[in-house]
Amino acid sequence: MDHHYDPQQTNDYMQPEEDWDRDLLLDPAWEKQQRKTFTAWCNSHLRKAGTQIENIEEDFRDGLKLMLLLEVISGERLAKPERGKMRVHKISNVNKALDFIASKGVKLVSIGAEEIVDGNVKMTLGMIWTIILRFAIQDISVEETSAKEGLLLWCQRKTAPYKNVNIQNFHIRCLFATFNNLVTKKFFLTDIVGTARPDEKAIMTYVSSFYHAFSGAQKAETAANRICKVLAVNQENEQLMEDYEKLASDLLEWIRRTIPWLENRAPENTMQAMQQKLEDFRDYRRLHKPPKVQEKCQLEINFNTLQTKLRLSNRPAFMPSEGKMVSDINNAWGGLEQAEKGYEEWLLNEIRRLERLDHLAEKFRQKASIHESWTDGKEAMLQQKDYETATLSEIKALLKKHEAFESDLAAHQDRVEQIAAIAQELKYGTPRTEKLLETIDQLYLEYAKRAAPFNNWMEGAMEDLQDTFIVHTIEEIQGLTTAHEQFKATLPDADKERQAILGIHNEVSKIVQTYHVNMAGTNPYTTITPQEINGKWEHVRQLVPRRDQALMEEHARQQQNERLRKQFGAQANVIGPWIQTKMEEIGRISIEMHGTLEDQLNHLRQYEKSIVNYKPKIDQLEGDHQQIQEALIFDNKHTNYTMEHIRVGWEQLLTTIARTINEVENQILTRDAKGISQEQMNEFRASFNHFDRKKTGMMDCEDFRACLISMGYNMGEAEFARIMSIVDPNRMGVVTFQAFIDFMSRETADTDTADQVMASFKILAGDKNYITVDELRRELPPDQAEYCIARMAPYNGRDAVPGALDYMSFSTALYGESDL
């Protein structure tokens, strides 16, 4: 095929500024400039294929390097060249090259393969200029100008900062000095500068090389910037994932250690030990658990922020290690609170039980001591068989003595059941005989019968007056005080009974003295003497004021307890509603559509500040609660709020405000990343609020389905499940407003993709399918270069070289399309 070179064809790319002398076209100086410039241009490309030329009209004669040059600059494969040495083989190869040039829309006139094979300098230079025009200059466009005008405009802009440089055409020698100052690398060193009127083609070739060098550097810089941005996002996300995993592990481990302690219901044997347990629990609720509540809240905030950033950077959702999902942590936390629930109540019940046991033990000790003194010698007396050998008169005396004992026993009947049984046996084993007629015996018997119950009454009174008591309210102490006053009212009658009993004893003494009766021993029917009765009576009289004092002190203590109840109740009745009100206000702020997201954020931060400033009131209430527990106060009729209610409410308030602030911050991230207007954001919020039928700030599955249907989605269960996996990747069963706006604006974000990152790496790699360690370290900052080197797999393609790295699989892995 014959091709002819048409000089007018060059004017399709550019028009000469003026008509030069035709003689100048044959100027040997210009030909020399073109030979050097075109040779250098060709070698700048051939070196990429590992070769070069020395003589431009000789080295292209066989067509092999000409075909190779076209493959390098076009990035395409040409037809297979002929390897023969004959002229026909060379002509075939050159024709293949010329055919390829023609296929790119270039008209070749007056250039034939034979002239190239024959080494025609003029035709060879014309062919190379045509190639330069098509592949290096034609596509240059600056502000929609022609290629030549665009290149000239580019030169003018690049040299604008230089004084005394005014470029108007491509014959200006100062171009060389100017551009060699702009870059350190000198592309072609020619003797153009020494020529009075430099060759335009040589200069344009020279300048186009600078243009492409600058353009390539700019592309490399853009590619490196894109990669750096993507890697920075990826490193930040990896750090967030690592932080989440560690925080989740630490929190789950703390929960695992704490639950057995809360589930342990083994009681202690002393009040002191149980009170220490109560103190430990107070420390747990006031010192140890609150930081963990904040950690859990921060964990959820970090998780939500991470998921938002992953969505905005076109990355797949983060899936924590097994057992560390937010739902897993919530379940573990629920187990903690279940174990915690009732633990304090159990502690208080145990303390109350031990208090009661201590009271009963003291009461038993006092009563047992009294009864032991009464029973001393009684059992031995009842077991005597002296009636078996007694005379009739002795038996009568024994019967009277036994009747007196029975009277005494009756008074102790409810206290000494075993002794009563023994006495009953004796009673039926003693035969009844005639009545005792002697007056003195009757008086002794009467004395014994009345002294026994009175003595028992005094002993009971002494027991009651010395009895310990447990009361927990003013009403209970008032009941004890009333009973004591009623007891004191009976003392005058009791004193009369005492005097009557002593009168019987005095009557016996009077008979003995009057009739000079010789009485051997004391009253055979009782051991209770008048001295004993008087001694116990005196003791009762001394115990009464002591009891008065004890009741007065307890009454004062209960009054103090009541003050503590009222003080706690008054504060709790303010703090409890305040917490509830703040929760409701935060909920309203988070769904309102007044102002911008920044307005909402500022409003919420003001609330957060006011909440933090309220903490001293919570601490004061905790102090009052501690005083209440230390005073063993178990009930409080002045409030329905317990300290645990307040603690839980306060923790929920802190976590709610933190989560809500985080939600708005994530909404701002999404809005800015996707370019959502305030008007669109308001529309999203109005739609969301409409379908949030339960007004919880979240849509459940059915609410979201109804929302999608209202927007025209026609979907089956499979499609709805697919959409739910996007908006609810953690399978919580709800759609947050953040996830909703992500879904509604999912196509609008200007995010990088795996293909874009791959293309950027390809630029840094010089269009290769792999990249080397040296290239990464040269083009990227040190930390990001090492990040890539550590994670890129070896490249195993056919064109691999030692140490080649696979940037393609690395790029897809960044976006979850393969494993990193």
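Rules used throughout
Residues numbered from 1 in each chain as written. Predicted model: local features only at pLDDT ≥ 70, side-chain atom pairs only at ≥ 80, totals over all residues. Heavy atoms only, no water. Helix = DSSP H or I, 4+ residues; strand = E, 2+ residues; numbered from the N terminus. Salt bridge = Lys/Arg side-chain N within 4 Å of Asp/Glu carboxyl O. 1 Å grid on protein atoms, 1.4 Å probe; cavity = no way out; pocket = protein on both sides within 12 Å on 5 of 7 lines; lining within 4 Å. Points joined across faces, edges and corners; volume = space filled by probe spheres on them. Nonpolar A, V, L, I, M, F, W, Y, C, P; charged D, E, K, R; others polar. Buried < 20%, exposed > 50% of the residue type's maximum accessible area, 1.4 Å probe, protein only. Arc of directions from axis to C-beta. Axes fitted to C-alpha atoms, helices over the stretch in contact; angles between N-to-C directions. Parallel < 35°, antiparallel > 145°, perpendicular 65-115°, else oblique. Left-handed = near helix turned anticlockwise from the far one by under 90°. Contact = heavy atoms within 4.5 Å. Phe/Tyr/Trp six-rings, centres within 6.5 Å; stacked < 30°, edge-to-face > 60°. Lys NZ or Arg CZ within 6 Å of the ring centre and 35° of its normal.

Here the focus is unusual backbone geometry. In this structure, Lys695 is a non-glycine residue whose phi angle is positive, near 55°. Residue position: Lys695 is located in the loop between helix H23 (678-691) and strand S1 (698-700). A positive phi angle, close to 70°, is found at Asp767, a residue other than glycine. Note on placement: Asp767 falls in the loop between helix H27 (754-764) and helix H28 (773-779).

This structure, assessed with the given rule, holds 50 salt bridges. A salt bridge links Arg282 to Glu630; its shortest N-O distance comes to 3.9 Å. With Arg282 in helix H10 (residues 271-312) and Glu630 in helix H21 (residues 615-630), this residue pair connects regions lying 348 residues apart in the sequence. One salt bridge in this structure joins Arg693 and Asp703, with 3.9 Å as the shortest N-O distance. Taken as a pair, Arg693 in the loop between H23 and S1 and Asp703 in helix H24 (residues 701-710) lie far apart in primary sequence, 10 residues in all.

Let us now look at the layout of surface pockets. Taken as a whole, the second largest pocket encloses approximately 1100 Å³ of empty space. Considering the residues around the second largest pocket, the lining is formed by 39 residues, among which Asn304, Arg659, Glu663, Met698 and Thr736 are closest to the centre. Among the secondary structure elements, those contributing two or more residues to the lining of the second largest pocket are H10, helix H11 (326-340), helix H19 (530-591), helix H22 (643-674), strand S2 (734-736) and helix H26 (737-744). Among the elements that line the lining of the second largest pocket, the one with the most residues is H22, at 8 residues. Here the lining of the second largest pocket is built from residues that sort into 14 nonpolar, 16 polar and 9 charged.

This part takes up the environment of Met123. With respect to the secondary-structure elements, Met123 resides in helix H6 (residues 121-137). Residue classification places Met123 among the buried positions, given a relative accessible area of 16%. On a C-alpha basis, the gap between Met123 and Glu57 in space is 8.9 Å, while along the polypeptide they are 66 residues apart.

Among all positions in helix H29 (residues 782-791), only Gln784, Ala785, Tyr787 and Cys788 are buried. Down the axis of H29, the buried set is contained in an arc of 155°. They therefore lie on one face. When the buried face of H29 is taken as reference, the exposed residues oriented beyond 90 degrees from it are Pro782 and Ala790.

Turning to the packing of H19 against H21, a few remarks are in order. A pair of packed helices is characterised by two quantities: the angle between their axes and the separation of those axes. In the contact formed by H19 and H21, the axes pass within 10 Å of each other and the chain directions differ by 150°. One element, H19, and the other, H21, form an angle in the roughly antiparallel class. Note that H19 runs across H21; the crossing there is left-handed. Along its contact with H19, which presents Leu564, Arg565, Gln567, Phe568, Gln571, Ala572 and Ile575, the element H21 presents Lys617, Ile618, Gln620, Leu621, Asp624, His625, Gln627 and Ile628. In the contact of H19 with H21, the residues fall into 7 nonpolar, 5 polar and 3 charged.

The next subject is the packing of aromatic side chains. For the structure shown, the criterion picks out 23 aromatic pairs. Among the aromatic residues, ring-to-ring pairing joins Trp254, Trp261, Phe281, Tyr284, Trp333, Tyr343 and Trp346 into one connected group. If you follow Arg352 out to its NZ or CZ, it ends over the ring of Phe634, 4.1 Å from the centre. One Lys or Arg, Arg685, reaches over the ring of Phe737 and ends 3.7 Å from the middle of that ring.

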